[in-house]
Structures are given as C-alpha cells and as structure tokens.
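Okay, here's what each chain looks like letter by letter:
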Amino acid sequence: MTAGEWIRTTSVYRSVIRHGVEPTNRNRSLIIFENLFLHVHPVKVREKTLRFTHTFWLGAITTASTIILFVTGILLMFYYHPSVPQAYRDMKELQYVVDNGVFLRNLHRWAAHLMVISAFLHMLRVFYHRAYRPPRQFNWVIGVTLLIITLGLSYTGYLLPWDQLAFWGVSVGTNMVKQAPLIGEKIRFFLLGGNIVSENALLRFYVLHCVVLPVVLIFLLSVHIWRVRKDGGVQGPPEHDPSPEGNSFDSLLPAGREKGLTGGGDSSS
Amino acid sequence: MSNIHLVESNDPLATPWHVALIRPDQRPSARESEERYVTAFPHLIVREVILFQLVVIALSLTAIFFDAPLESIANPVETPNPAKAPWYFLGLQELLHYFPPVVAGVLLPGLVVIALLVIPYARINLEAGPLWNAEWRWKFAIITSIVAALTILFAAFQCWPVVIPTMLIGSAALASKRGRPRWLWEVTLPEWIMTWFVVVATTLTLIGTFFRGPGWSWVWPWTAVPRA
Amino acid sequence: MVSLRRLFALSSVAFLAVLAVSPVKNSMRPYRAIQKEYERIGMARATTLKAAQAYASNPIAIRQIWIPDFDNRVDRCTTCHLGVSDDAMTNAPEPFTRHPETVHTPKDFARFGCTSCHGGEGLATFEADAHGRTADAPSPVLPAAYTEAGCGRCHLGDFVSDAPVLSNGRALMEQSGCFACHAARGHEDFRSDAPPLDTIAVKTGGEWLRQWLSNPKGVDPNATMPNFRLSRQEIDELSNYLFSRPVTPELQRAVEAAAAEPPGNAANGKTLFAESRCITCHTVGGKGNGSAPELGTIASRATRGWLIAFLRDPHAFNPQTRMPRYGFSDTDVRDIVAWFEDDLRDFNAPKSILDPLRVNQTLAERGEKLFKTAGCFACHIKTTKETERFGPDLYGIGDRRAVSLDFGKRTDLPRTLEAWLDAKINQPRSFATGLKMPTFSFDPEQRRAIVTALLAMPAKPVPEALRVSTPRQASLVPAGTIGAIVARYRCLSCHQIGTEGGDISTAPLTFEGSKVNRDWLASYLQLPYSIRPILPERMPVLKIPAEDAAKLADAIETWYVDPSIPDDPFAGRPASDRDAAEGQRLYTTLGCRSCHIIGNNGGYYGPPLTDTKTRLKSGWVFRFLLNPQRWRADIRCPNYGLTDSDALRLTAYLETLSSHKETRR
C-alpha cells in the first residue's frame, strides 16, 4: 500500500473528503456536488460548451482576475495606511522595503486593467451571441451592474496611491460628476466626504474599494454565476432560431433530449 | 403519452415526477439532436484551473516586466498638464473636449448605461433578423437619415472622432444591403448599433490616451514629451 | 491537440516558475551584495579577531535612521553607506568611506539623519532612487559644492560659523539687493540702500548718466547696481525721465549756492582727504575698502556744487547712506572738492560730461513707464510692499523640482536645480526673450555661494525645535542726543553694537565701556590713531567736536558695559596677585612679545601695549587674559589657560604701562 493509499484510509481523511479517486462516474459526480464551491457546476456539461470559441472563456478570465485582485489586494492592505501623506510613503515602502512589494503592486494593477477589459469583452461576446435573450435577461442586467461596479472598484482604487496621477485623475472625474443636474453636487460631496479631494476622500474611497464594493461584487457575482447555471449553462453562438414569440422555456429544453422532457445534464442539487 | 399524468391537486404530498407546463396554444415540442454530455470533473474543472494558471502566468509576466506608474506625491497646488482621468474614462474626457460637461459627463454616459440595461427587454433585440431582411426601401431611408443626422449633429460640434466612425459604419450598414458578403448581410440592426458604439468608444479612448497632450492639444504619440 | 493532462502539467510548472521570479529577484537586491562587500573589506581592515568577527556577524538587512520628531524622517542611506561612523573605514572605497569630520558628523547622525543635509530620497534602497536621479525625484542629492545649503536649513542667521560658503552667499545676496525684487522668508522687510534719485538734475550730466546706465560697473568697479542691458533708446528715455524729476528746493538751493562759492585750496584738501581716511570705505584708483564708490574720477561724476553740498550734509541728500557727516568746516569742504577737481577727475572724459541734459518731455514720459517696467523702482523707491515685488518670490526655491523648471533656450544645461540657478545668476536673460532680471557680475565662487544660500531655502521650514537663528535684539542705540550723534557720525557703518552694525571695524562696541577708559576714549574720538597697525582700515578723523566726543564717551562708559566684568579685579584677592614683577616674568615666558609691542620692541600683529594703563581698564584686561575668545570667536590671542592669579599678575604688570602722553598721533 502506498503512502497515499494509506492516508486515504484514515478516518481524518475520510471525514474531510467524501469521494474516492478511482475514475468512476460516481466519484466524478461526488466531487462536484459534495463540494460547496464546485457544486455551482452541473455534474454533466454539454461538451460543446468546453470549446474555446464557445465563449472565449471571457467570463472565467474576469473571475480569475477578480480572485487575483482579492488575494493581492488583501496582501497590499497589510502595508497600506489610508491617510495623507502616509499613503504615498507606503507606496514607496512597497517599492523599496517590502519583499516582493513591487511585484505585488504591479500584479494588482495589471489584474485590475485585465478585469475591466475582459468584463467589457465578455459583455460584447454575450451581446453578439444574443445570450441576453429570455430567460437570461435579468442576468444581463446583473452583468451590466457588475461592469459598473468593476469600473467603480477601479476608480476608487486609482486614488489610493495618492500621487499626482491619482489625485488629478480623480479630481477630473469628480468634477464631471458635479455636472449632473440637481444632485450632482450632492453626489460629489458624498463621494469625496467634502468639497475637495483630501484625506476624507482618500478614506472614503479606501472603504468603498476594500469593503463596500467588493462585498457587493461578490454578492452580485454569486447571483450572476448561479443564474448562469439555472438558465441552463453558458450559451455560446445561437444554435437555432427561437420561435417568434420567444418562448421563455424554449432554451430550457436542452437540445438533443428525447421527448418526455426528462432533464438531461441538469440534476438539481 | 402514457407517462403523462394530469395532476390537479394542491396536495403537497402528491409529488409529481415530472412537470410540464402546456400553454393552450402550443404543443409540447421535442427536439432531436445528438448533443454529447461529459462530466464536469475533470473536463470542465481542469480547464478552469488551467485557465486560472494561464491568467496568473500572463499577469505575472506583465507584472515582472512592466511597473505600475507612480508619480510624485499629490500636490493640490501643482496641476499636471494635461490632467488625465484613468484610461477607461479617457473616452469621456475626450468627449468633454467637444461637448459641455452636462452632456459629455452626465447625459451621454447615462444614456449609454440605460441603453445597455434595456437591451434584453427591447423587442428589436429579441426578434432581430438580418437588417435587410425585409422592408428595404423604408429601412434604407430611415437609416440614411439617422446616419446623416448623427453625422451633422456631431460635425456641428466638430466632434470628428464620432463623425468619422459614424460615416464609416453607416456606409458599411447601407452597403451590406447588396447581399454580399453574406456574413455582412446577416448582421442585425442591434449588432450594427453595438458595433457603432464600440468603435466610437474605442476611438475616443485611443485618442484620449495617445493623441492628447498639454492643454488637451493634439499631439502625435511619437513626438509627445513626458509631462511635468 | 495536446492532451489535457500534459497541458495541465506544463501550465502548473510555468505557474510555479513565474511566481518564483519575484522572490529570486528579491534575494538579489543590490544592497545585499554591497553589505557582503563591506563585510569583506571590514574583515580585511580589522586589526583584531574580535573586530573581524563583529563584521562577519552583521546581519544582511536594511538599516535606517528614524527620526519621528523631524518630519518623521526615515533615512536608509546607511544600508549601503555602512562605514560612515566606522573609524576603521577612513579612506575606504566608496560607498564605505567614513564621513569627514565636521561639527555635526559623524556624532549627530541619530539627531539629523543624512537627507536633512545632503538631500536625496531617504526611503529608497536602490542607488538611483536614493540619489534622486530618477525622473520625478522629489529631491536629488546635493553636489558636494553645495553641501552647506543643508546647514542653512536649520541655521537661519546671516552668518553661520563653520559654513563659510553659505555665510558668504547670504552676505552677497544682502549686499546685492536680491531681496528688493525677490521676496524671501525672513527678508520680507528688506530695504535696498540704493540712493534716491531726486537730485540727479543738479548732480551730474547727461553724458555721465548715459555711461552709467549702459554699464555701471564699467564706470565704477565698486558699484552694486547690476547691468540692465538697456538699449540706447531706453537709456535716453530713462535719462530724460531722471532729469525731469523735480529737485527738492532746499537741496537745489544748497547746490547752487555751493557752486557759486570761491574755489578752495587743493593742497589743503589733499591733506584733509588723507586725514579723513575716506579709503576706509571708498577706493581711489582701486585702493581702499570698496564698500563705497570709487572716487578716482569723482570730479567727472558729480558737479562741484553738488559735491560741496553733499559733503557738508550727506544725510540731507540720502538719509539711508552709510557715510557719516564729518565735522568739516565750510572751507574744509571747499578745499577737498578743489583737490577733487584737480586730481580726481577723468582726464579722458569729454568736457560736456557734466552738462545737464535738456529734457525732452515725450522721452521723459516713456522713461517714467520704463522706470517701472524695467524694475528700477524696486531698489530706488523705498516702499517695496510684498505684493509689489518686481521679480518672482523665492519661497521654497531650494526644494523646486527640476522637472518643474523652465529651461527655455538653455538646452545646454544639465537638468538640475543647481545648474538652473547658477545659469540664471550668471546670464539671467539667456533662458528666453523678454526676461527682465539684470546681469550681476559674480565670479564662479560667488555664484556658488549664492546658489548655496538659495538651496538653503526650504519649501517647508524645519521643525521649530531644530531652528537656530540669532534673535533680533532690540536696538541698543538710544534715542535723543546720543542717538543723534551716533546717527550723524554713522558709527554703525563700521562698528557693531548688539546685533546691528557693520563689520569694517573688528572692534564691537557693545561692551566698550567696560573695556576702555573714559578719558582716553574722549580724546580718541576727537583724534583717532591706528591701534592695530596691521589692519588696512583705520577709523576716519571725523572732526567730532570736543563736547560731542565727551557726551559719547560718557554714554559709552555708562551704558555699554558688561556687568560681569569687575571694576576692580584685585578686590578681595591676596596681595601676591598684585605682583607686577611676576607679571612681567609671565609676559616674557608666554612670549607675548612676538605679537605685541611695548616701547620699541615686539611684534606688530596685535595692538601695542605701551599705553595699556591709559587705554584699557584692568577688569577688562583680566577677563580678556582668562579667555581672549570671549567676545569674538576669531580673536588670535592664544588662550593659555591661565589661573586667576596669573592673569591678575599679568594685568598688574600691564597696568604699569603708560606712555605719559594722553594723546598720540
């Protein structure tokens, strides 16, 4: 018996991991639906959704960059004080003193750019594949909201280094907000915690960037992914024309099932 | 249909095995096809992991070779020239150059967001077939007048980054009426509109990023001097 | 198509490899290699095993000096500059050399850090960033030539001992009148001592004024007025304006009356001129002090009438002038000016050099505008409110970032602040057309001093606790009669009383009453003689009348005393302390003769002691002997560390010395 095999016989192991390692369908199913995180997937998926050209994996790329941003973001939070002028000094400390500080910050920054770009491309992909059609309309709305939250995260994070680029970039942006009729000034005051970009604005943006917007993002992202699952999985290039009235359950019926309406690869959990 | 039962009970204990909702004017339809299903683990999960690794690799390489910018400490008294917004807002800032702030900063972005949100609820998006599918002449007239109106409107504000793509895409849309090439003819109206929007937004953002220098004046990127 | 497994294996390996790059780069940071090199050099230089082991046991880590009270300063220079306080590292290769010994180094590193004197980015641990050589650098390291600018950020006084370049620079800026056009912290109420131009019309001629305006230093090498590079047209306009200005009626009358007087005796005038020791401030043919105008061609510069009227009462013409009002008689002045007319004239000048200009009204009006737009008003009109300064202010100029400077046409300069400042002072108008700063003629050393002084002006002052400035004392010169006498004879032009006054004389008067005997002082004031032959400057014979001299001597005796100096140092001391013979023996043993004269022999370096009893008070002599540097740090008389008794004996001996004559010529 190898060491691995022995470990797998212990009760500790078996209390944590409830599936075997033999390549049986049963094990493969168990891996999916015995796992909190993995069981948002169906146990079986349509093979054609696995192809690269189906969705270009854009949603997954966006999610991957989100995860990277969370990890690097939390690590950066260990070194950052949202006060003036300490914030800028902390940027310098990251550059000069912190081990891997430069790499950490760079990774965070480029991941942020990637997230914005891939979210936008993902939206375009969904649009051109007409994957917003019923029953996926509300998921599209959630997606647009996610895009706006992504831009918000990027914008609030932009101020945090407190250098000339950050300060003036945010000044320009909040000056544009001021132009909204009736409520423009109030929105600007709320965003900045004052009338000018100052320590209050920095603190506010920090809270928005590290607490409020990430929580909202996770919440909406969870709903978004859950809905993808419930709407029958990712929809790639439109395979066939829907009926003229857009039967809302048309796409629920997976292509290729026999009559009898037995759901195929969608065992509810 | 021997295995279909009609259940009219509200008894929660009477658990149906299958549920079918039959609309009065439809028959339950059945489709034939040969779709293949594979188990999510390993096929989907491993692909997701590999994708995550590739994203990390790509971003790490970028992070190793390219540094995030850091300028001098924020100084409210010293305005850099030009003062630029983050890149995803540079399109808006470029638009600010032509239109008053209410329009460029509030109205247009607001309209864009609303238009995006409404997409799945607009009939035209749900029903769309190729643009020139039917009613050619009427459509031709409408589209020509809309393109012309947009061109004139934006030209009146001398907003060339919008005018030029509008003319280009408008002409392409009108030209696609010919029927050839086929893929061009198949483009639906919502797709034309979205394409127009994306091209305009990209143009504005590229100009704002690379072609604007001190005082928001036009510069060629290869001659630009690093700003103070 | 690669199988999924193989792809997964490849991507996992690449994943780990890419993530390992940053930690590897980290372990190869430059400071680590440098610290290892230091260890190696230290061990090679160590003379004991213990010392060598100390070097080896130093951990490889970032080192920093953290001073929370000083702007929360963090200086990591010592991460690479490891040997700055290590005696064994004298003359080691850079960056390990021991810091040169100065007033504050290497003992005060923990108090002040490094960047407060040298500039640079203290937080950085990479060479280029630390030395401020990157774009966007907040403060680059100052080149060694300007290091004293660092001193000036805490030491705010005009004179900073141990910082000669800085002190020179600050003095030059004060003398050259920079602050008349440029506002600066601490000099907001600066007033230029440029003369008022009210009497030009009766003072000089159009031709002379044109020569002056086109190149002041060419006409008078002592001129502090810079060259405004005026065009011929502009000179015409200004001259017309200046000649059109109305002259104060009293002054006009005085000048015209003086012009009508009979000529004087030139030979007598020459003698008077020599006695008056005018070259204590002026120069003739380049010889003299140089803080007042060159007089070699004075008769071609100002008219006879004006010169006579001026010499009789300089303060009426220029209340700000440093020139005293001599007690000349009317004939004295005529004689002196007669001598000027004979000998001190420009023999090559045209006869019309002093002919007054016939005013053209149009040109005069344009000249009036030019007077403002060219900046003449900044020095020559007395009210310079801060908002009306002609040039840009100098607040924080020492911290200006090089990227924010406009180099204009000067593409030949390195893009640093010090290069910009130096070029600006040297050739102010070379950066662009239309600039108005005039050209001063400083040599490279003077420019270096001025740039040092400028670099010492920070954007944000250092914390209060670290600032060192000489507090401005209230004036010790009284009002009333005494004040009027002091003002008339301009004692403060040469002497210092308290914190005000000039430094042409080496004798401060603040405690003069404790130093000299009243009678001697009264006779000296009437007829000064040379106390210290080795000095070039002599107190002029101001012809102070006897009663003014008496009043002054009384005032000095009464007020300018040091209460800690005893009237009678021998009081309460044993009799043996009065032993003058013992004192004489000490005089010989200590070798005082090498610098001082008694009777006919001795050295010329210090003042002669033949007349000590007449001149000096015993209490003062006693205190001086105990510590010669007590009143001035640069006194050359050595401190022999005398005991009180020895000092008293020497004093007793010196107090026996008297020449019996009350006055000496």
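A quick note: this is a predicted structure, and the numbers were derived from the prediction, not measured. In every chain, residue numbers begin from 1 and rise along the written sequence. The order in which chains are written sets their letters, starting at A; the order in which ligands are written sets their numbers, starting at 1. Per-residue local features of the predicted model are confined to residues with pLDDT of at least 70, and side-chain atom pairs are confined, for both listing and counting, to 80 or more; whole-chain, interface and lining totals are unaffected and use all residues.

J.: Would you mind going over the overall build of chain B with me for this structure?
T.: Secondary structure elements are defined from DSSP: runs of H or I of at least 4 residues count as helices, runs of E of at least 2 residues count as strands, and each element is numbered from the N terminus. Of regular secondary structure, chain B possesses 8 helices and 1 strand. Reading chain B from its N end, one meets helices and strands in the order β-α-α-α-α-α-α-α-α. Across chain B, every contact between residues at least 6 apart in sequence was considered, and the portion connecting residues at least 24 apart equals 64%. Contact between residues is assigned whenever the C-beta positions, reconstructed from backbone atoms, fall within 7 Å.

J.: Hey, could you run me through the overall build of chain C in this one?
T.: Helix and strand counts for chain C stand at 31 helices and 8 strands. Whereas a compact globule of 665 residues would reach a radius of gyration of roughly 26 Å, chain C reaches 33 Å, over 25% beyond that. Over its C-alpha atoms, taken along the principal directions, chain C stretches across nearly 120 × 85 × 40 Å. By residue count, 32% of the 665 residues in chain C fall in the buried class. What the globule rule says is 2.2 Å times the number of residues to the power 0.38, and the radius of gyration is computed from C-alpha atoms. Counting other C-beta atoms within 10 Å of each residue's C-beta, where C-beta atoms are placed from the backbone, gives the exposure class: buried for 20 or more, exposed for 12 or fewer, partly exposed between.

J.: Is there a simple way to explain helix 7 (residues 101-128) of chain A in this structure?
T.: In an α-helix there are 3.6 residues to a turn, and that puts residues three or four apart on one side. Take the residue count of a helix, subtract one, and multiply by 1.5 Å to get its expected span. An ideal rise of 1.5 Å per residue puts 40 Å on 28 residues; helix 7 of chain A measures up with 40 Å between its terminal C-alpha atoms. In terms of burial, helix 7 of chain A is a largely internal element, 20 of the 28 residues being buried.

J.: Mind showing me how you'd approach helix 11 (residues 199-230) of chain A here?
T.: Residues and elements named next belong to chain A. The terminal C-alpha atoms of helix 11 lie 45 Å apart, and with 32 residues this matches the ideal 46 Å at 1.5 Å per residue to within 8%. Two axes are fitted around each residue, one to the seven residues ending there and one to the seven starting there, and the angle between them is reported as the bend at that residue. The largest bend in helix 11 comes to about 40°, at Leu208. Those residues of helix 11 lying buried are Ala201, Leu202, Phe205, Tyr206, His209, Cys210, Leu213 and Leu217. Considering only its buried residues, helix 11 is in contact with helix 5 (58-77), helix 6 (86-96), helix 8 (137-159) and helix 10 (184-192). The first or second residue beyond helix 11 is Gly232, which carries a positive phi of 105°.

J.: Before we go on, may I ask you to explain the domain arrangement of chain C in this structure?
T.: Many analyses report the size of an interface as the accessible area lost when the parts associate. What counts as a domain boundary in this text is fixed by an automatic or database domain assignment. The assigned domain composition of chain C is domain 1 (33-141), domain 2 (156-190 + 390-469), domain 3 (200-372), domain 4 (480-559) and domain 5 (575-654). Taking only C-alpha atoms, the centre of domain 1 of chain C and the centre of domain 5 of chain C are 49 Å apart.

J.: Explain the interface of chain A and chain B to me, please; I cannot follow it from the model alone.
T.: Chain A puts 74 residues into the contact, and the matching count from chain B is 63 residues. Only helix 3 (25-33), strand 1 (44-46), helix 5, helix 6, helix 7, helix 8 and helix 9 (164-177) of chain A provide two or more residues apiece to the side of chain A that touches chain B. Looking at the side of chain A that touches chain B element by element, the count peaks at 13 residues for helix 7 of chain A. The pairing criterion for strands is at least two bridges between them, as found by DSSP. Sheet analysis places strand 1 of chain A next to strand 1 (residues 37-39) of chain B, joined by 3 bridges and oriented antiparallel. Following the sheet pairing, Arg46 of chain A is matched in strand 1 of chain B by Tyr37 of chain B.

J.: What am I meant to see in the environment of Gly186 of chain C here?
T.: Residue and element names in this part refer to chain C. By the secondary structure assignment, Gly186 is in the loop between helix 9 (178-181) and helix 10 (200-203). Gly186 gets classed as partly exposed once you count the C-beta atoms within 10 Å, which come to 14. In this structure, the C-alpha to C-alpha distance between Gly186 and Gly157, residues 29 residues apart in sequence, is 9.5 Å.

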